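Given next are the chains, with one letter for each unit.
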Amino acid sequence: MNTDRQTSFYEAEIPQASRELSEFRLSPAYEPPFQIIRRRIIDDFFEGKLTIDATIVIRVGELEETEAARGVGVVNALDTALRKALLKYFPSVATIKVTETYTHGSGESTEAEVISVKKFSDGTQAWTTMAKSSDAVEASWKSLVDGYEWCIYTETLKARRAAENPRLSRR
């Protein structure tokens, strides 16, 4: 990648969902809809094939939920386990799909900064998240979690506003 294209990628505007989520998180009143307690990834060979297993522990309110899943890669396994855990508390997650994902690293070593972008859709709206890390899996994981968190939190805000003002629910 030439230097001009590389620079323009890193100077790209932060997607709206990532910007909004950052603003929400700065508010003293913000309570995340869920928290990641821990995650574990195991890559192994089973019957001659690479196998990726992920285990996720989340907290919703005072409740903890543990789920595990197998995937075709690290991020797919993490996504599948996270979705399974979130679905128990947020049924609307069933309609959320990652429609596009890409990761870009820049630098001359394996320690280069990586940007991961995820595009999501729930069939009605679309949103995009972006995260940076020196670790490709961590950047991808952060952009994935942010996409679910943004959608769940904005749905919660809409429901709260509609409950506070029933006239809004008719719009």
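Look above for the structure.
1. Focus: the side chain of Ser116
Inspection of the secondary structure assignment puts Ser116 in strand β5 (residues 113-121). Classification of Ser116 by relative accessible area gives buried; the value is 0%. A distance of 3.1 Å separates the side chain of Ser116 from the side chain of Lys118, its partner in a polar contact. Residues contacting Ser116, with those up to four places away along its chain left out, are Tyr102, Thr103, Thr129, Met130, Ala131, Ala139, Ser140 and Ser143.

2. Considerations on helix α2 (residues 16-26)
For an α-helix the count is 3.6 residues per turn, leaving residues at separations of three or four pointing the same way. Among the residues making up α2, those that are buried are Ala17, Ser18, Leu21 and Phe24. Looking down the long axis of α2, one finds its buried residues gathered within 120° of arc, a one-sided arrangement. Exposed residues pointing more than 90 degrees away from the buried face of α2 are listed as Glu23 and Leu26. Contacts made by the buried residues of α2 are with β6 (126-133) and α4 (136-164).

3. Considering the nonpolar core
The biggest cluster of nonpolar side chains holds 31 residues, and the ones touching the most others in it are Phe34, Leu82, Leu86 and Tyr148. Among the elements that take part in this core, α4 stands out by supplying nine residues, more than any other. Discounting residues that sit within four places of it in the chain, Leu82 has contacts with Phe34, Ile36, Ile56, Ile58, Trp141, Val145 and Tyr148.

4. Side note on the packing of aromatic side chains
Counted under the stated rule, the structure contains five aromatic pairs. Taking the centre distance of 5.3 Å and the plane angle of 35° together, the rings of Trp127 and Trp150 count as tilted. Residue Trp127 is located in strand β6, and its partner Trp150 is located in helix α4; the two are separated by 23 residues in the primary sequence. Take Trp127: its relative accessible area is 4%, and that puts it in the buried class. Among the residues examined, Trp150 registers a relative accessible area of 7% and is labelled buried. A connected cluster of aromatic rings, assembled from ring pairs, spans Phe120, Trp127, Tyr148 and Trp150.

5. Focus on the side chain of Thr154
Mapped onto the elements, Thr154 comes out in helix α4. A polar contact of 2.9 Å, which involves the side chain of Thr154, links it to the backbone oxygen of Trp150.

6. Section: the packing of helix α3 (residues 74-87) against α4
Packing of α3 against α4 brings their axes to within 10 Å, and their N-to-C directions diverge by 25°. The angle between the axes of α3 and α4 places the two elements in the roughly parallel class. Considering only the axes of α3 and α4, their crossing is right-handed. Taken together, the residues of α4 that come into contact with α3 (itself represented by Val74, Val75, Leu78, Asp79, Leu82, Arg83 and Leu86) are Val137, Ser140, Trp141, Leu144, Val145, Tyr148 and Ile152. The class makeup of the residues in the contact of α3 with α4 is 11 nonpolar, one polar and two charged.

7. Looking at unusual backbone geometry
Trans peptide bonds make up most of the peptide bonds, and negative phi angles are found at most residues other than glycine. Positive phi outside glycine occurs at Glu47, with the angle close to 50°. In this fold, Glu47 is placed in the loop between β1 (35-46) and β2 (49-60).

8. Some remarks on the sheet that holds β6
If you trace the three strands from one edge of the open sheet to the other, you get β4-β5-β6, paired in antiparallel fashion. Edge positions in the open sheet fall to β4 (97-106) and β6, since each of these has one partner strand only. The mean angle between the axes of side-by-side strands here comes to 15°, regardless of whether they run parallel or antiparallel. Alignment of β4 against β5, held across nine bridges, turns out to be antiparallel. By the bridge assignment for β5, Gly105 is matched with Val114. On top of the sheet, α4 reaches β4, β5 and β6; it is set at about 145° to β6, its chief contact.

The rules behind the values
Residues numbered from 1 in each chain as written. Predicted model: local features only at pLDDT ≥ 70, side-chain atom pairs only at ≥ 80, totals over all residues. Heavy atoms only, no water. Helix = DSSP H or I, 4+ residues; strand = E, 2+ residues; numbered from the N terminus. Buried < 20%, exposed > 50% of the residue type's maximum accessible area, 1.4 Å probe, protein only. Polar contact = N/O pair within 3.5 Å; in protein donor to acceptor, adjacent residues only side chain to side chain. Contact = heavy atoms within 4.5 Å. Arc of directions from axis to C-beta. Core = buried A, V, L, I, M, F, W, Y, C linked by side-chain atoms within 4.5 Å. Phe/Tyr/Trp six-rings, centres within 6.5 Å; stacked < 30°, edge-to-face > 60°. Axes fitted to C-alpha atoms, helices over the stretch in contact; angles between N-to-C directions. Parallel < 35°, antiparallel > 145°, perpendicular 65-115°, else oblique. Left-handed = near helix turned anticlockwise from the far one by under 90°. Nonpolar A, V, L, I, M, F, W, Y, C, P; charged D, E, K, R; others polar. Pairing = 2+ DSSP bridges.

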